[in-house]
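Report on the structure
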Amino acid sequence: MKYVIIGASAAGLAAAEAVRKYDAQGTVTVLTEEEYMPYSRPSISYYLKGKVKESNMTLRKPAFYKEKKMDVITSSKVTAIDTEKKIVKAGRKNYPYDKLCLCTGSKPFVPPMDNVEGKANALTFLDLKATKAIKTLANDKTRAVVIGAGLIGMKAAEGLVKICKSVDVVELAPRVLPSILDAKSAKQVKKHLENNGIRFHLENTVVKASSKGKQITAVTLKDGKKLPCDLLILAVGVRPQTELAEKTGLEVNRGIITDTETMQTSNPDIYAAGDCCVSTDMLDGSKKIIALWPNAVQQGNVAGAQMAGADVTVGGTYSVNAIDFFGLRICTCGLINAQGEQYSDKIRQDGDVYKRLVFEGDKLVGYVLINSSVNAGMYTNLISNKISLDTIQGDIMDNPSIFMFDKDTRITKLRGGVQI
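Each chain has its residues counted from 1, running along the sequence as written. Given that this is a predicted model, residues contribute local features only at a pLDDT of at least 70 and side-chain atom pairs are listed and counted only at 80 or more, while totals for whole chains, interfaces and linings are drawn from all residues. Water and hydrogen atoms were dropped before computing side-chain values, which therefore reflect all heavy atoms in the structure.

1. Topic: the overall build of the protein chain
Across its full length, the protein chain carries nine helices and 31 strands. C-alpha extents for the protein chain along the principal axes are approximately 65 × 60 × 40 Å. Taking all 420 residues of the protein chain together, the buried fraction comes to 50%. In this analysis, two residues are considered to be in contact whenever any of their non-hydrogen atoms come within 4.5 Å of each other. Counting only contacts in the protein chain whose residues sit at least 6 apart along the sequence, the fraction spanning at least 24 positions is 59%. Only carbon and sulfur atoms are counted for the fraction: they give 48% of the accessible area of the protein chain, which is about 19700 Å². Averaging the coordinates of the 57 positive side-chain charges in the protein chain and doing the same for the 45 negative ones gives two points 6 Å apart. Each helix corresponds to a stretch of at least 4 residues labelled H or I by DSSP, and each strand to a stretch of at least 2 residues labelled E; elements are numbered beginning at the N terminus. Three exposure classes are used, based on accessible area relative to the maximum for each residue type with a 1.4 Å probe and protein chains only: buried under 20%, partly exposed in between, and exposed over 50%. Each accessible area is a Shrake-Rupley result for a 1.4 Å probe, and residues are judged covered by the shown protein chains and nothing else. Asp and Glu count as negative and Lys and Arg as positive, but His and the ends of the chain are not part of the count. Charged groups are reduced to one reference atom each: NZ for lysine, CZ for arginine, CG for aspartic acid, CD for glutamic acid.

2. What to know about the confidence of the model for the protein chain
Averaged over every residue, the pLDDT of the protein chain is 93; residues scoring 70 or more account for 95%. Taken as a whole, residues 405-420 scores under 50 in pLDDT and shows 33 contacts with residues more than four places along the chain or in a different chain. Confidence scores here are pLDDT values: one per residue, from the predictor, ranging 0 to 100.

3. Considerations on the packing of helix 1 (residues 10-22) against helix 8 (residues 293-307)
Geometry is summarised by axes, namely lines fitted to C-alpha atoms with helices restricted to the contacting stretch, and by angles between N-to-C directions that run from 0 to 180 degrees. At a closest axis distance of 7 Å, the pairing of helix 1 and helix 8 adopts a crossing angle of 35 degrees. When you trace helix 1 past helix 8, the crossing you get is right-handed. For the pair helix 1 and helix 8, the contacting residues are Ala 10, Ala 11, Ala 14, Ala 15, Ala 18, Val 19 and Tyr 22 in the first and Trp 293, Ala 296, Val 297, Gly 300, Asn 301, Gly 304, Ala 305 and Met 307 in the second. The crossing is said to be left-handed when, going from far helix to near helix, the turn is anticlockwise and less than a right angle, and right-handed when the turn is clockwise.

4. Let's talk about the environment of Arg 329
Take Arg 329: it is sitting in strand 24 (residues 328-334). Classification of Arg 329 as partly exposed rests on a relative accessible area of 34%. In this structure Arg 329 touches Ala 322, Ile 323, Asp 324, Leu 369, Ile 370, Asn 371 and Ser 373, once residues within four positions along its chain are discounted.

5. Quick notes on the sheet that holds strand 7 (residues 99-102)
The sheet built from five strands is open, its strands ordered 3-2-1-7-20 with parallel pairing. Edge positions in the sheet fall to strand 3 (70-73) and strand 20 (270-272), since each of these pairs with one other strand and no more. In this sheet, neighbouring strand axes are inclined to one another by 20 degrees on average, regardless of whether the strands run parallel or antiparallel. Two strands pair under a simple rule: DSSP has to find at least two bridges between them. Where strand 2 (residues 27-31) meets strand 3, four bridges bridge the pair, whose relative direction is parallel. Bridging across to strand 3, Val 28 finds its partner in Met 70.

6. Let's talk about unusual backbone geometry
Residue Asn 115 is not a glycine yet carries a positive backbone phi of 65 degrees. With respect to the helices and strands, the residue Asn 115 is situated in the loop between strand 8 (106-108) and strand 9 (122-124). At Met 263, a residue that is not glycine, the phi angle is positive and equals roughly 70 degrees. Topologically, Met 263 is positioned in the loop between strand 19 (255-256) and strand 20. Residue classification places Met 263 among the buried residues on the basis of a relative accessible area of 1%.

7. What to know about the sheet that holds strand 23 (residues 320-325)
Sheet architecture is open: five strands sit in the order 23-24-27-26-25, paired in antiparallel fashion. Edge positions in the sheet fall to strand 23 and strand 25 (343-350), since each of these pairs with one other strand and no more. The mean angle between the axes of side-by-side strands here comes to 15 degrees, regardless of whether they run parallel or antiparallel. Against the sheet, helix 9 (residues 376-384) touches strand 24, strand 26 (353-360) and strand 27 (363-370), its axis set at about 155 degrees to strand 27.

8. Details of the pattern of salt bridges
What counts as a salt bridge is simple: a side-chain nitrogen of Lys or Arg found within 4 Å of a carboxyl oxygen of Asp or Glu. A complete count under the given rule lists 19 salt bridges for this structure. We note a salt bridge from Arg 41 to Glu 34, for which the minimum N-O separation is 2.4 Å. Looking at Arg 41, the relative accessible area reads 27%, which means it is partly exposed. Residue classification places Glu 34 among the buried positions, given a relative accessible area of 17%.

9. What about the nonpolar core?
Here, the term nonpolar core denotes a set of buried Ala, Val, Leu, Ile, Met, Phe, Trp, Tyr and Cys residues that are joined through side-chain atoms within 4.5 Å. In this structure, Ile 5, Ile 81, Val 88, Leu 100 and Leu 102 are the most contacted members of the largest nonpolar core, which totals 46 residues. Ranked by the residues each element gives to this core, the list is headed by helix 1, at six residues. With sequence-adjacent residues up to four places away left out, Leu 102 is seen in contact with Ile 6, Ile 81, Leu 244, Ala 245, Leu 250, Ile 256, Ile 270, Tyr 271, Ala 272, Ala 273 and Cys 276. Ranked by size, the runner-up nonpolar core spans 44 residues in total, among them Met 57, Ala 138, Val 161 and Phe 325.

10. Side note on the side chain of Thr 131
Checked against the element boundaries, Thr 131 lands in helix 4 (residues 128-137). Sequence-distant contacts of Thr 131, that is, excluding residues within four places in its chain, are made with Ile 44, Tyr 47, Leu 48 and Phe 125.

11. Remarks on the pairing of strand 23
Within a regular strand, the side chains alternate between the two sheet faces. Only one face of strand 23 is covered, namely the one carrying Asn 321, Ile 323 and Phe 325; the face carrying Val 320, Ala 322 and Asp 324 has none of its residues buried. Two successive antiparallel strands, strand 23 and strand 24, enclose a turn made up of two residues, where Phe 326 displays a positive phi of approximately 50 degrees.

Take a look at the structure:
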């Protein structure tokens, strides 16, 4: 069997490893248009801050690929897939396949702005190449503007504020980190970020840039305010990379459509995994892009196993985030901003500690924990296993225990997600 995997990030590497686990003989070829061997994308913010070296960002040592007989080909952009001849075309080279997996990930979304496209100091913050360019340009005289106060934008701002003269963040939404925080917790996080030197311009956006040649010198916001700018970071968000799938004739609707248990696309010999795919949120049944590293790894594992003939399926999928900013620890999970009469919540706040639990009937379906992660494992267990709150002993907002019954009716007691 010949296996070809397009993309070498979380999903692509997981797929390759799963193929090799279930098929020791087939050829495994991984194609990536990046010039680097598979590396940890979440670590680019630490690289920007100088907390991690490039050599420590690789996901596997070179010897691993040799041992597992995986051929990872860098700087290889796939231009077409011939599904009749079963060939992947990358430049002048053709790669035959029996089973193919698309792990093309996501790309930055850049909103329309006058005089920004093509400027040398307007950069994204999604991969190592862009981060290296940012690190080269940023210094103690740099006035940086970040467009987007989501996870990508805020990690860029956190790294830049220790390097640059000033960092301004422009966000169209009325709060920071709008996808993972509720309104109340967002106020607390915003204040913490401001105390660490970041300035915000919420419910605003960049409409145009002033420049000298290829260099942006200032940006003008929707409200007319003008900000000096030596470095512009485009971090509004990401979109699934589906162009290749569409060109190949696969079913696409915002992302690549797959059987969400097996990751098989509309072509039986082609699979897809990761940020390029539409996932089903197990908590509310909605179809969405869940662009998270653990989700990509799980889907890649399943896609690779399925390609190699193993009966492995995807478990429940939902959003989980654990992140910190200047020492402020944030853990969020599930339906944070759920709307409807069926949902209720409990909130407890004490100084810089914030806890919000979201319920649907007798089930926990979401949480926001700020400097309060002691029970995060237990809460996640409640959500992922859809455990009734009747199993809870004690106040769920404090340090409760869960009593679970296994198939032999033995009682397992959990506290903070740990068996005791």
